[in-house]
Amino acid sequence: MIPIVDLKRQYLSIKDEIDGAIRNIIDNTSFIMGKPVEEFENNFANYCNAEYCVGTSSGTSALYLVLKALGIKEGDEVITVPNTFIATSEVISQVGAKIKFIDVDEETYNMDVEKLKNTIDENTKAIIPVHLYGHSCDMDQILEIAKEHNLKIIEDCAQAHGTKYKDKKIPIGEIGCFSFFPAKILGAYGDAGCVVTNNEELANKIKLLRNHGREKKYEHLIEGFNHRLDSLQAAILNVKLKYLNEWIERRRNNAKLYSGLLKNVIMPIEKDYSKHSYYVYTIRVKNRDKLQEFLKENGIATQIYYPIPLHLQSAYKNLDYKEGDFPVTEKIAKEILSLPMFPELTEEEIKYICEKVNYFCK
Ligand SMILES: *Cc1c(COP(=O)(O)O)cnc(C)c1O
């Protein structure tokens, strides 16, 4: 079976370094907020060409902490898209605000900027664009609209480590949130995430909120919570970050191979403004479910990100959305299929996968 992602291959390629980093934490018993946390924060801020990085316990925590720190609350509205992982929208309700979905662009699967203009009203406080699959949103347009309406932009970068927009690594605006869930482009060996920002005041507020509102051990300036980045995860991420650019290039090569070999399917596009980092390689076909079944029978694992748009989920019945509200999202949810994608995927495997897809889609 060719898996959708194989974390074992990557581990084996850097086993000694990873094992050493883990051993070191255990030897020092510095499990909570140990040195690797600050080291990783510095390293990842540098990687993103940003001023600050604040490690968190997950990507979800990172998004939540940003909304909290910005003071977004009951009565406020935050705009995002319905074709994303529920973490993007969950955090909006979790701070008491209202979710407003808008549809996506059929080519990039990212936020449809035209729809944005008509959705903003006096209660809108922020926008969460998602750089889905590793392709950047058209940030200049989004930032311009945000500026005009005095809105905060929080970029959900969970699938887009190292992605560039016009030669600049994301986040492009003031704030970006990353996930280091194991299968992500940069993945820990458990849950982890971070906020990247150039806003010092915001970074400091998030540092307080993630760690019980304290600067010193038992001195609490405000009430916070426990959303800390684990030392073991930070140590692992420090090792893996060194290889990130190389891994992204391999992902891009794999995507190029796929796109050169596949026929009769809609392939991912890469707009001039975006350098795609290919978290996933997602195609679109009309008889998707049958293709998925056929590939499974031929030993090829696939995934659907995401089969049920958020506005049609039971969790969001209370929002009163209905089928037909976001036609592009609903259409692509029926057609998308992600093929195996990870840096260590071999050329032979890609050729085999394309052969099977082409056979089915002829
Ligand atoms: C993975 C993901 C998250 C959440 O990250 P976790 O680390 O799993 O909490 C948020 N948004 C998107 C788009 C994601 O893919």
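Below or above, wherever it landed, is the structure these notes cover.

1. Description of the layout of surface pockets
Where empty space is left becomes clear once a probe the size of a water molecule has been rolled over the atoms.
Now for step 1: Roughly 370 Å³ of volume is contained in the largest pocket.
Now for step 2: Together, 23 residues line the largest pocket, and F85, A87, S179, F181 and K184 are the ones closest to its centre.
Now for step 3: If you list the elements that add at least two residues to the lining of the largest pocket, you get α4 (59-69), α5 (87-94) and β8 (175-179).

2. Structural notes on helix α11 (residues 288-297)
Now for step 1: All buried positions along α11 are accounted for by R288, L291, F294 and L295. Down the axis of α11, the sector holding all buried residues measures 125 degrees, keeping them to one side. Facing away from the buried side of α11, by more than 90 degrees, are the exposed residues D289, K290, K296 and E297.
Now for step 2: On the buried face of α11, the contacting elements are β13 (281-284), α12 (327-335), β14 (336-339) and α13 (347-360).
Now for step 3: Where α11 ends, the next residue or the one after it, G299, has phi of about 75 degrees, a positive value.

3. Things to note about the sheet that holds strand β12 (residues 274-275)
Now for step 1: An order of β7-β6-β12 is seen for the three strands of this open sheet, with the pairing classed as antiparallel. One side of each edge strand has no neighbouring strand; the edge strands of this open sheet are β7 (168-169) and β12.

4. A closer look at the pattern of salt bridges
Now for step 1: As enumerated under the stated definition, the model contains 25 salt bridges in all.
Now for step 2: In this structure, D112 and K115 form a salt bridge, with 3.0 Å as the shortest nitrogen-oxygen distance.
Now for step 3: On the basis of relative accessible area, D112 is assigned to the buried category, the value being 16%.
Now for step 4: For K115, a relative accessible area of 37% corresponds to the partly exposed category.
Now for step 5: Measuring nitrogen to oxygen at the nearest pair gives 2.8 Å for the salt bridge that ties E270 to R252.

5. What to know about the packing of aromatic side chains
To describe a pair of aromatic rings, one takes the distance between the centres and the angle between the planes.
Now for step 1: Inspection of the entire model under this criterion finds 20 aromatic pairs.
Now for step 2: Arranged with centres 5.7 Å apart and planes meeting at 75 degrees, the rings of Y109 and Y133 form a pair that is edge-to-face. Taken as a pair, Y109 in the loop between β3 (98-101) and α6 (113-119) and Y133 in the loop between β4 (124-127) and α7 (139-149) lie far apart in primary sequence, 24 residues in all. A single burial state applies to Y109 and to Y133, both of which are buried.
Now for step 3: Ring plane angle 50 degrees and centroid distance 6.3 Å describe the contact between Y279 and Y305, whose orientation is recorded as tilted. Note that Y279 is positioned in the loop between β12 and β13 and Y305 in the loop between α11 and α12, a separation of 26 residues in sequence.
Now for step 4: Assessed through its relative accessible area of 8%, Y279 is described here as buried.

6. Describing the side chain of D138
Now for step 1: Mapping D138 onto the fold places it in the loop between β4 and α7.
Now for step 2: One buried charged residue, D138, forms no salt bridge at all, with the nearest opposite charge on K166 at 5.1 Å.
Now for step 3: Side chain to side chain, D138 and Q141 meet in a polar contact 2.9 Å long.
Now for step 4: A distance of 2.6 Å separates a polar atom in the side chain of D138 from a polar atom in the side chain of Y165.

7. Comments concerning the sheet that holds β8
Whenever strands of a sheet pair, they do so through backbone hydrogen bonds, lying parallel or antiparallel.
Now for step 1: Taking strand neighbours across the sheet as the criterion, the seven strands line up as β1-β9-β8-β5-β4-β2-β3 in an open arrangement whose pairing is mixed. The sheet is open, and its two borders are formed by β1 (52-56) and β3, each paired with just one other strand. Direction aside, the axes of adjacent strands within the sheet are offset by 25 degrees on average.
Now for step 2: Here β1 runs beside strand β9 (residues 193-197); their pairing, made up of five bridges, is antiparallel. Across the sheet, the residue bridging to Y52 is T197, located in β9.

Conventions adopted
- Residues numbered from 1 in each chain as written.
- Predicted model: local features only at pLDDT ≥ 70, side-chain atom pairs only at ≥ 80, totals over all residues.
- Heavy atoms only, no water.
- 1 Å grid on protein atoms, 1.4 Å probe; cavity = no way out; pocket = protein on both sides within 12 Å on 5 of 7 lines; lining within 4 Å.
- Points joined across faces, edges and corners; volume = space filled by probe spheres on them.
- Helix = DSSP H or I, 4+ residues; strand = E, 2+ residues; numbered from the N terminus.
- Buried < 20%, exposed > 50% of the residue type's maximum accessible area, 1.4 Å probe, protein only.
- Arc of directions from axis to C-beta.
- Contact = heavy atoms within 4.5 Å.
- Pairing = 2+ DSSP bridges.
- Salt bridge = Lys/Arg side-chain N within 4 Å of Asp/Glu carboxyl O.
- Phe/Tyr/Trp six-rings, centres within 6.5 Å; stacked < 30°, edge-to-face > 60°.
- Lys, Arg positive; Asp, Glu negative; His and termini not counted.
- Polar contact = N/O pair within 3.5 Å; in protein donor to acceptor, adjacent residues only side chain to side chain.
- Axes fitted to C-alpha atoms, helices over the stretch in contact; angles between N-to-C directions.

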